[in-house]
Amino acid sequence: MSDCKHIYISKIGGHEGEDICLKGWLYGKRSSGKLHFLQVRDGTGIIQAVVFKGDVSEEVFATAGKISQESSIEVYGTVKEDKRSHIGYEIAVKDLKLVSEASEYPITHKEHGVAFLLENRHLWLRSPKQLAILKIRHQIIKSVRDYFNNNDFLLVDAPIFTPAACEGTTNLFETEYFDEKAYLTQSGQLYMEAAAMAFGKVYCFGPVFRAEKSKTRRHLTEFWMVEPEMAYYDLKMDMDLAEDFIEYIVQSVVKHNRKDLELLERDISKLENIKKPFPRITYDEAIEILKQKGKEIEWGEDFGGDEETAISENFDRPVMIHRYPTKCKAFYMKQDPENQDLALCVDVIAPEGYGEVIGGGQREDDCDALLEKIKEHNLPQEAFEWYLDLRKYGSVPHAGFGLGIERTVAWLCGLHHVRETIPFPRMMERIRP
Ligand code: 4AD
Ligand code: MG
């Protein structure tokens, strides 16, 4: 047993007929007479290990009969083909080592409430559904990075401690910074604008923070955002990029995570359909859709979750809503030269009611107009002097956007709530475990 060949369950296929060793945990067990059927998981998959009384010592057979759920075990045996099993193989056990016996495990194979599961998130992560979600999250992040790295973008990391707000002052997390105040970043965008003026096409990817006081199914207080920013790009080019980027991510998940999507019972045909071009409508057209559906909304208001869901019902792929009223958007947005009341911005709303996944647009590149906006929004000018500098030294049209990873995971996995899309969610009422 000590010199056995350790194989991960996901790689078991290449070892038929060989004697190997699994290192993992007991996921489940059932027994009948001279047989114990152990479900062993190791993080890469689950496989059945069959302990037949005639094949092992009396002691091993007795141990197999009483191992508790989630005990850590090493299993030694022969890889056998088994057409009935979901992975096509099982293990005929020859020996077994109990590494550490688990106490009574709180998460059984019965249904549990979400509050209980979130309290036990550190253990809940072990379940197959959570593994499938996190594997899809992994693939999304990988394709995000691949996309920008393969398209000549430079990765530029943005700071987490910031001296000022980017996305409005209402949801800032304030913290002490020696004898000053600082804020946890809401977005790396302003720093990416500086980087775009230095390097052309850049992106940052990291955690951002919003003190969201609303408990909705789409809001976390800590989430991950990827933010590309491009010099010499206008709104149209920005939308073209967002569309191409989303298609790439969705299709790479469809390609690499079919089994995970199936386990989550996701309707994959809906994702296969996510191909360019995406519908593009103006804010005014979106208002028309909402009015036709009997929603009460005034021109000038931003859309919330309910409005986004109602609009998305009209489309079978993401819808790009552009040119919102300036007054409901952030200070840095460029005004539409054809209508000063509108901002050159875009929100991309996912289909099936998963909400806004991208927010972005063209930035104000005129120094005086930007200063005006900073004053209008009551922002402290001194904290933005460096940002104004970017308009003084070789200003150019530029644009970018931010994609929220968790909303994208929720959409692709078909999850109603974002709380399961991140390993350890942070929400208004939750900072533990
Ligand atoms: O629309 P937002 O606020 O845009 C920005 O922060 C821009 N500065 C980005 C840029 O242009 N570089 O946020 C962008 C995206 C949203 O579309 C959404 O997907 C996600 O971030 N997001 C959240 N995700 C989870 N929880 C929250 N509280 C979120 N707030 C925004
Ligand atoms: Mg937004």
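None of the values given here were measured: they were computed from a predicted structure.

Draft legend 1. The arrangement of the overall build of the protein chain in detail. Check the secondary structure of the protein chain and you find 13 helices and 18 strands. C-alpha extents for the protein chain along the principal axes are approximately 85 × 55 × 40 Å. Out of the 433 residues in the protein chain, the part that is buried amounts to 53%. Entry remark: accessible area of the protein chain is about 20,800 Å², with carbon and sulfur atoms responsible for 49%. Side chains of the protein chain give 56 positive and 72 negative charges; the mean places of these two sets differ by 7 Å.

Draft legend 2. How the structure looks around the site of ligand 1. In the vicinity of ligand 1, 22 residues are found, and the nearest of them are Glu167, Gln189, Arg210, Glu227 and Glu356. A distance of 3.5 Å separates a nitrogen atom of ligand 1 from a polar backbone atom of phenylalanine 401. Contact with the protein chains removes 94% of the 630 Å² of surface that ligand 1 exposes when unbound. Elements with a minimum of two residues in the shell around ligand 1: β11 (222-231), β17 (355-362) and β18 (398-404). Take the shell around ligand 1: its biggest share by element is 5 residues, from β17. Grouping the amino acids of the shell around ligand 1 by side-chain chemistry returns 7 nonpolar, 7 polar and 8 charged.

Draft legend 3. Expanded view of the sheet that holds strand β1 (residues 19-32). Taken in spatial order, the 5 strands line up as β1-β2-β3-β5-β4 and close into a barrel, and their pairing is mixed. For this sheet the average axis-to-axis angle between neighbouring strands, irrespective of direction, equals 55 degrees. Examined bridge by bridge, β1 and strand β2 (residues 35-41) share 7 bridges and lie antiparallel to one another. Following the sheet pairing, arginine 30 is matched in β2 by phenylalanine 37.

Draft legend 4. How the structure looks around the packing of aromatic side chains. Inspection of every chain in the model, using the stated rule, returns 20 aromatic pairs. On the numbers, 4.8 Å between centres and 65 degrees between planes, the contact of phenylalanine 148 with phenylalanine 153 is edge-to-face. Phenylalanine 153 sits in the buried class, given a relative accessible area of 7%. Seen in terms of ring centroids, phenylalanine 384 and tyrosine 387 are 6.5 Å apart; in terms of plane orientation they differ by 65 degrees. Their pairing is edge-to-face. A cation over an aromatic ring shows up here: arginine 30 above the ring of phenylalanine 37, its NZ or CZ 4.3 Å from the ring centre. Over the face of the ring belonging to tyrosine 324 we find lysine 329, whose NZ or CZ atom lies 4.2 Å from the ring centre.

Draft legend 5. Here's a closer look at the pattern of salt bridges. Taken as a whole and judged by the stated rule, the model has 30 salt bridges. Residues arginine 430 and glutamate 119 are paired through a salt bridge, measuring 3.3 Å at the closest nitrogen-oxygen approach. Of this pair, arginine 430 sits in the segment after α13 (405-413) while glutamate 119 sits in helix α2 (residues 114-119); the two residues are 311 residues apart in sequence, bridging distant segments of the chain. Residues arginine 258 and glutamate 272 are paired through a salt bridge, measuring 2.8 Å at the closest nitrogen-oxygen approach. One end of the pair, arginine 258, is in helix α7 (residues 258-263); the other, glutamate 272, is in helix α8 (residues 268-272), and 14 residues separate them in sequence. Here arginine 258 falls in the partly exposed class, since its relative accessible area comes to 35%. On the accessibility criterion, glutamate 272 (34% relative accessible area) is partly exposed. What emerges from the salt-bridge pattern is a single network uniting Lys236, Asp240, Glu243 and Arg280.

Draft legend 6. Geometry of the side chain of serine 252. Along the chain, serine 252 turns up in helix α6 (residues 235-256). Take serine 252: its relative accessible area is 9%, and that puts it in the buried class. Other than its neighbours up to four places away in sequence, serine 252 contacts Gln139, Ser143 and Asn257.

Draft legend 7. Layout of the domain arrangement of the protein chain. Parsing the protein chain into structural domains produces domain 1 (5-100) and domain 2 (121-420). Domain 1 and domain 2 are separated by 46 Å when their C-alpha centres are compared.

Draft legend 8. Region of interest: the side chain of serine 68. In this fold, serine 68 is placed in the loop between α1 (58-66) and β4 (72-81). Within the local environment of serine 68, its side chain forms a polar contact with the side chain of serine 71, the two groups lying 2.9 Å apart. Residues contacting serine 68, with those up to four places away along its chain left out, are Leu26, Glu101 and Ala102.

Draft legend 9. Inspection of the environment of glutamate 420 at higher detail. Position of glutamate 420 relative to the elements: it lies in the segment after α13. For glutamate 420, a relative accessible area of 12% puts it in the buried group. Counting along the chain gives 11 residues from glutamate 420 to valine 409, while the straight-line C-alpha distance between them is 9.1 Å. If sequence neighbours within four positions are ignored, glutamate 420 has contacts with Arg121, Trp124, Lys129, Gln130, Ile133 and Leu415. Reaching out from glutamate 420, the side chain makes a polar contact with the side chain of glutamine 130 at a distance of 2.8 Å.

Draft legend 10. Up close: the nonpolar core. The biggest cluster of nonpolar side chains holds 61 residues, and the ones touching the most others in it are Ile140, Val144, Phe148, Phe245, Ile246, Leu403 and Trp411. Counting 33 residues, the second-largest nonpolar core is a separate cluster that includes Ile287, Ile289, Cys345 and Leu370.

Quick notes on the rules
- In this numbering scheme, every chain counts its residues from 1 along its sequence in written order.
- Chains carry letters from A onward and ligands carry numbers from 1 onward, assigned in written order.
- Local features in a predicted model are, by the rule used here, given only for residues with pLDDT of at least 70; side-chain atom pairs are given and counted only at 80 or more, and totals for whole chains, interfaces and linings are based on all residues.
- Working from all heavy atoms in the structure, the side-chain values ignore hydrogens and water.
- Under the DSSP-based scheme used, a helix requires at least four consecutive residues in state H or I and a strand at least two consecutive residues in state E, with every element numbered from the N terminus.
- Exposure is judged per residue with a 1.4 Å probe applied to protein chains only, and the accessible area is read against the type maximum: over 50% gives exposed, under 20% gives buried, and values in between give partly exposed.
- Each accessible area value is a Shrake-Rupley result obtained with a 1.4 Å probe; residue values ignore everything except the protein chains displayed when judging cover.
- When charges are counted, Lys and Arg contribute as positive and Asp and Glu as negative, whereas His and the chain ends are disregarded.
- Lysine's charge is taken at NZ, arginine's at CZ, aspartate's at CG and glutamate's at CD.
- Near residues are defined by distance, with any heavy atom within 4 Å of the molecule or strand qualifying the residue.
- Pairs of N or O atoms within 3.5 Å make up the polar contacts considered here, provided that, within protein, one atom can donate a hydrogen while the other can accept it, and that residues adjacent in sequence are counted only when both atoms are side-chain atoms.
- Note on residue classes: Ala, Val, Leu, Ile, Met, Phe, Trp, Tyr, Cys and Pro are nonpolar, Asp, Glu, Lys and Arg are charged, and everything else, Gly too, is polar.
- For two strands to count as paired, DSSP must find a minimum of two bridges between them.
- Only the stretch in contact is used when a helix axis is fitted, and all axes are lines through C-alpha atoms; the angle between N-to-C directions ranges over 0 to 180 degrees.
- Pairing of aromatic rings covers Phe, Tyr and the six-membered ring of Trp, with a centre-to-centre limit of 6.5 Å; geometry is then stacked below 30 degrees between planes, edge-to-face above 60, and tilted otherwise.
- Charge-over-ring contacts are defined here by two conditions on Lys NZ or Arg CZ: a distance within 6 Å of the ring centre and an angle within 35 degrees of the ring normal.
- We define a salt bridge as a contact between a side-chain nitrogen of Lys or Arg and a carboxyl oxygen of Asp or Glu at a distance within 4 Å.
- Any pair of residues with heavy atoms lying within 4.5 Å of one another is described as a contacting pair.
- Domain delimitation follows an automatic or database domain assignment.
- Nine residue types can take part in a nonpolar core, namely buried Ala, Val, Leu, Ile, Met, Phe, Trp, Tyr and Cys, and a core is a set of them joined through side-chain atoms within 4.5 Å.

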